[in-house]
Amino acid sequence: MSAPTRNRPASPAPDTVDDADLVVARTRHPWRWVISLAVLVVVAQFLHGLATNPGWDWSTFARYFTAESVLAALWMTVKLTLWGSVLGFALGVLLAVSRLSNNPVLQVISWTYIWAFRSIPLIVQLLFWFNIAYLYQTLSLGIPFGPSFFEFDVTGVISGFTAAVIGLALHQAAYSAEIIRAGIISVDHGQIEAANALGIPRHRQFVRIVLPQAMRAILPNAANEVISLFKGTSIVSTMAIAELFYQVQVIFGRNGRVVPLLMVATVWYILLTTVLSIVQHYVERHYARGSARALPPTPRQKLLAKYREIRDTGIGAPRGATT
């Protein structure tokens, strides 16, 4: 039999090391800096070309950037975007709800509408509404297949602007309907079942439970559609409507300064798209409440946090240094 083991004295515990005394090795990323430097060189060359190339003709750009005719055309573009978005998304809500309803007639009509207006190019739709008076010289309101109470001339009612708004709104409705439908079906169905069990009316379920959660999925795609519509209004120039791109074409058709006038339109498109993107960020931030413990930081908060991080890293004393 083996001899019984004797109790050996416990070895002394190693000295505890304070976390502040640990030396953290920094990770090296040489290729990251090489790629960043190459990109900065390309950007610097591009900016140098913008400043020194006489072909950009910045004096002409400055002369027409805030010209009265350009600002009036810009306001026309904003109005087309506003009306097309409001009417398009309002009709899109009805189409989305119809597709999700239990009524087979509404389902078929909604699906057919979406299929048709997504299949026909926007320019064809705009030209069709612009020439609607060729098919219908008058419109009347009254009993279907019976007598009419009011009758009016189509040419006097549907102007070029009205035709453009109708075409943009009907086209936008087909895409917004699918965006809204996708947002609605992304909501957990268990919450709707719980609301039914509590006896909450259907319209209250949609407004209070479904819509706030669906907006988190709807907003990014809806904002993209609005921005696309804002830029897509340039297509109404085929209808001789004085929106931004049409007016720019008229001006460089007279003076031949194509590049600076195109830059006028480009910069205005960039500025207003930036404004729409900022609005999108804060609307998404509003509807993010309740989905996370902390709201996503704003761009200003991100910049301040990055500045503090760089400042603290630059002026902080080395770890483990003694005084």
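Given the structure is predicted, the values throughout are model-derived calculations rather than measurements. (Residues numbered from 1 in each chain as written. Predicted model: local features only at pLDDT ≥ 70, side-chain atom pairs only at ≥ 80, totals over all residues. Heavy atoms only, no water.)

Thoughts on the UniProt feature "transmembrane region" (unreviewed entry) in the protein chain
Those places that UniProt annotates as "transmembrane region" (unreviewed entry) correspond, in this numbering, to residues 33–51, 71–96, 108–132, 152–171, 226–246 and 258–279. Helix makes up 100% of residues 71–96 and strand 0%. Its end C-alpha atoms lie 36 Å apart. With 84% helix and 0% strand, the stretch residues 108–132 has end C-alpha atoms that lie 26 Å from each other. (UniProt positions renumbered as here; feature names shortened; annotations may be inferred. Helix = DSSP H or I, 4+ residues; strand = E, 2+ residues; numbered from the N terminus.)

Comments concerning the packing of helix α3 (residues 68–100) against helix α10 (residues 244–255)
In contact at an axis separation of 7 Å, α3 and α10 are set at 155 degrees when each is read in the N-to-C sense. Between α3 and α10, the angle falls in the class roughly antiparallel. The segment α3 lies against α10, with S69, V70, A73, L74 and T77 engaging L244, Q247 and I251. Counted by class, the contact of α3 with α10 contains 5 nonpolar, 3 polar and no charged residues. (Axes fitted to C-alpha atoms, helices over the stretch in contact; angles between N-to-C directions. Parallel < 35°, antiparallel > 145°, perpendicular 65-115°, else oblique. Contact = heavy atoms within 4.5 Å. Nonpolar A, V, L, I, M, F, W, Y, C, P; charged D, E, K, R; others polar.)

So, the packing of helix α5 (residues 122–130) against helix α7 (residues 160–185)
Running from amino to carboxyl end, α5 crosses α7 at an angle of 140 degrees, the nearest separation of the two axes being 8 Å. By the angle class used here, α5 and α7 are oblique. The crossing of α5 and α7 is right-handed. Of α7, the residues touching α5 (which contributes L122, Q125, L126, W129 and F130) are G160, A163, A164, I166, G167, L168, L170 and H171. (Left-handed = near helix turned anticlockwise from the far one by under 90°.)

Considering the pattern of salt bridges
Within this structure, the stated rule accounts for 4 salt bridges. A salt bridge links E178 to R181, with the nearest nitrogen and oxygen atoms 3.0 Å apart. Of this pair, E178 and R181 both sit in helix α7, 3 residues apart, which is roughly one turn of the helix. Looking at E178, the relative accessible area reads 18%, which means it is buried. (Salt bridge = Lys/Arg side-chain N within 4 Å of Asp/Glu carboxyl O. Buried < 20%, exposed > 50% of the residue type's maximum accessible area, 1.4 Å probe, protein only.)

Quick word on unusual backbone geometry
For residues besides glycine, phi is generally negative; the peptide bonds are generally trans as well. One non-glycine residue, D57, lies in the positive phi region at around 50 degrees. The topology assignment puts D57 in the loop between α1 (30–52) and α2 (58–65). Overall, D57 belongs to the buried group, its relative accessible area being 14%. Even without being glycine, A240 reaches a positive phi, approximately 60 degrees. Among the structural elements, A240 can be located in the loop between α9 (202–232) and α10.

Description of α2
All of the buried residues along α2 are T60, F61, Y64 and F65. Each buried residue of α2 lies within a common arc of 125 degrees when the element is viewed along its axis, so the set occupies one face. Within α2, the exposed residues directed more than 90 degrees away from the buried face are S59, A62 and R63. Summarising the contacts, the buried residues of α2 are in contact with α3, α10 and α11 (258–287). (Arc of directions from axis to C-beta.)

Thoughts on the nonpolar core
Ranked by internal contacts, the top residues of the largest apolar core, which has 17 residues, are Y64, V70, L244, V248, L261, V264 and W268. Of all the elements in the fold, those that place two or more residues in this core are α2, α3, α10 and α11. Looking at which element gives the most residues to this core, the answer is α11, with 6 residues. Counting residues in each nonpolar core, the second largest holds 14 residues, with L126, L168, L229 and V236 among its members. (Core = buried A, V, L, I, M, F, W, Y, C linked by side-chain atoms within 4.5 Å.)

Focus on the packing of aromatic side chains
Scanning all chains against the criterion turns up 8 aromatic pairs. Between W58 and F61, the aromatic rings sit 5.3 Å apart at their centres with planes inclined by 85 degrees, giving edge-to-face as the arrangement. A residue pair is termed a helical-turn pair when its members lie 3 or 4 positions apart in one helix, as W58 and F61 do in helix α2 at 3 residues. On the basis of relative accessibility, which here comes to 32%, the residue W58 falls in the partly exposed class. (Phe/Tyr/Trp six-rings, centres within 6.5 Å; stacked < 30°, edge-to-face > 60°.)

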